[in-house]
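Below, each chain spelled out in residue letters.
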Amino acid sequence: MAGVQLDQETISCSICLDVLKDPVTVPCGHSYCMNCIKSHWDKEDEKKIYSCPQCRQTFTPRPVLVKSTVLADLVEELKKTGLRAAPADHCYAGSEDVACDVCTGRKLKAQKSCLVCLISFCEKHLQPHYEIPAYAKHKLVEPSKKLQENVCSRHDEVMKLFCRTDQQSICYLCSVDEHKGHDTVSAAAERSERQRELEVNRQNVQQKIQDREKDAKLLQQEVEDINGSADKTVGNSEKIFTELIRLMEERLRELQVKLEQEIAELKRKDAEMEKLSQTQNHNQFLHDYPSLSPLSESTHSSSINIRPLRFFEDVTAAVSEVRDKLQDILREKWINISQTVTVVEVLLSEPENKTRAEFLKYSCDITLDPNTAYTQLLLSDGNRKVTLSGEQTYSSHPDRFTDWEQVLSKESLTGRCYWEVEWRGVGVSVAVAYKNISRAGRSGECWFGFNDKSWMLDCDNNSYNFYYNKVKTTVSGPRSSRVGVYLDHRAGILSFYSISGTMTLLHRVQTTFTQPLHAGLRTVYFGDSVIQSGGSLYLTVFV
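Residues numbered from 1 in each chain as written. Predicted model: local features only at pLDDT ≥ 70, side-chain atom pairs only at ≥ 80, totals over all residues. Heavy atoms only, no water.

Draft legend 1. Focus on the nonpolar core. Trp419, Trp455, Leu457, Leu494 and Phe496 are the most contacted members of the largest nonpolar core, which has 37 residues in total. A total of four residues in this core trace back to one element, the largest contributor, which is strand β15 (residues 427-434). Residues in contact with tryptophan 455, not counting those within four places in the same chain, are Val430, Ala431, Val432, Tyr434, Phe466, Tyr467, Tyr468, Leu494, Val509, Thr511, Phe513 and Leu517. Among the nonpolar cores identified, the runner-up in size contains 19 residues, and Ile11, Val26, Cys33 and Met34 belong to it. (Core = buried A, V, L, I, M, F, W, Y, C linked by side-chain atoms within 4.5 Å. Buried < 20%, exposed > 50% of the residue type's maximum accessible area, 1.4 Å probe, protein only. Helix = DSSP H or I, 4+ residues; strand = E, 2+ residues; numbered from the N terminus. Contact = heavy atoms within 4.5 Å.)

Next up, the structure:
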């Protein structure tokens, strides 16, 4: 009987934990069901490196799988002797499971983890905790691989206290040592208080979900009302009226999408809060809780009141005037609504990035638009490099800057974006601007930073200066040949960083962006050039 048990384990697949089906053997010697190992390696196709689920040995290229005739025959023989799959309560732990710490040899899946013993137990080895009175006060939780996070790294003691002064979990010895005199409470008490805060925040999120769903219904009704009224008058001015309908539907649908996205985001946050609230491990709860930023003041956007129906009267006589009026109203109200929704979107904003690696997660691919480039700027390298040549390079174009040595990116920037500008020589101006910034003439309406449609950081070897709407702000910070730019369009954040060994914040703008932005650069010396590589924008100034 022992020999049969050994054979049964030998011919079991460690992926599905069942008897091998169409067995194959990989180069390291371990065997799997044909379909199981195929599915496992399909997930690793993107990395082009294939591993054994048991020993983690890697193979390149992907090994060719051939059916193991010997194992297949052995499986068939054992089936004839009455072989059955392992009972469900004796499932072995896979690579993604928490294994029993007591089992020897091949380990079973853990059923519970003990926060006192700091060990995980399968069902068999868990029984003493249920049967022996000495274990009655032990805290059992769902299986966890993070039990050691409950142990103080300095004193090797379980952390049962929480230091409110330093906002961290501590053990008893910490409370009489480096945390002596601090405001400390039990981890359970701190969890209880944070749990109450979490529930209040969840209620706020749920209320906002209801408000946004109500707004979405109101907008849907607006669309239906507009379509109904439009159908009654479209006969007399079909061409202009069709344009009018399209305009309104686009605006309303854009807002519907925005509200639906916000509802989905709020529901996701609610789910995160619910998951955190059900965490049984106090220290894990306290560790994860700070990642939930406090809720902003509730903003109710049910004041949406786009009601263009009054403008449909007398369409036959004045449809052109109606169209112009409606466009102005929609433009104004759309800006106001966007500002309202933006406030809500930063409800649970993510923590601020601190390292360059964190910023590079948002790096964006930027190319320069030759139709916007000043006539004496020369673009090359796939529009990723621009040089101030001193000779006319481009012919006239309605999008071109006619009198300032400036160029805009082809791509519009929304969401979170990051890019870098590298330069050497005398200096450079790094900017962002709306697409509708003026282009013709030498007035401030066309110059980055001297109007309300652009923001500019002027860099040279001696100083930094920030400009917006003709207002100059002197900026202090370490001199560097590289400047990083971070944009969180929805949150209205624009930040400039000096990059050398570390990132130093030079200047941050907190505002409301009403349109997509474009990256901008201004050069003023012959030989200036801009190079775009990967997700960063590099500017090199040659003099």
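Okay, back to it.
Draft legend 2. Seen up close, the pattern of salt bridges. Inspection of the entire model under this criterion finds 21 salt bridges. In this structure, arginine 253 engages glutamate 249 in a salt bridge whose closest nitrogen and oxygen atoms are separated by 3.8 Å. Taken together, the residues span about one helical turn, with arginine 253 and glutamate 249 both in helix α7 (residues 238-277) at a distance of four residues. Judged by relative accessible area, which is 47%, arginine 253 ranks as partly exposed. With a relative accessible area of 17%, glutamate 249 lands in the buried category. Between glutamate 422 and arginine 482 there is a salt bridge; the shortest N-O distance is 2.5 Å. Of the two residues, glutamate 422 sits in strand β14 (residues 416-422) while arginine 482 sits in strand β19 (residues 482-488), which places them 60 residues apart along the sequence. Through salt bridges that share partners, Arg164, Glu190, Glu193 and Arg194 make up one connected network. (Salt bridge = Lys/Arg side-chain N within 4 Å of Asp/Glu carboxyl O.)

Draft legend 3. Quick peek at helix α2 (residues 34-42). Residues of α2 that are buried: Met34, Cys36, Ile37 and Trp41. Contacts made by the buried residues of α2 are with β1 (23-25), β2 (31-33), β3 (50-51) and β4 (58-59).

Draft legend 4. Quick look at the side chain of serine 169. Secondary-structure assignment places serine 169 in strand β9 (residues 168-170). With sequence-adjacent residues up to four places away left out, serine 169 is seen in contact with Met159, Leu161, Phe162, Asn283 and Leu286.

Draft legend 5. A look at the sheet that holds β15. What the six strands build is an open sheet, ordered β13-β22-β15-β16-β17-β18; its pairing is antiparallel. Among the strands making up the open sheet, the edge pair consists of β13 (406-408) and β18 (471-475). The mean inter-strand angle of the sheet, taken between neighbouring strand axes irrespective of direction, is 20°. Across six bridges, the pairing between β15 and strand β22 (residues 517-522) is antiparallel. Along β22, the bridge assignment pairs alanine 433 with histidine 518. (Pairing = 2+ DSSP bridges. Axes fitted to C-alpha atoms, helices over the stretch in contact; angles between N-to-C directions.)

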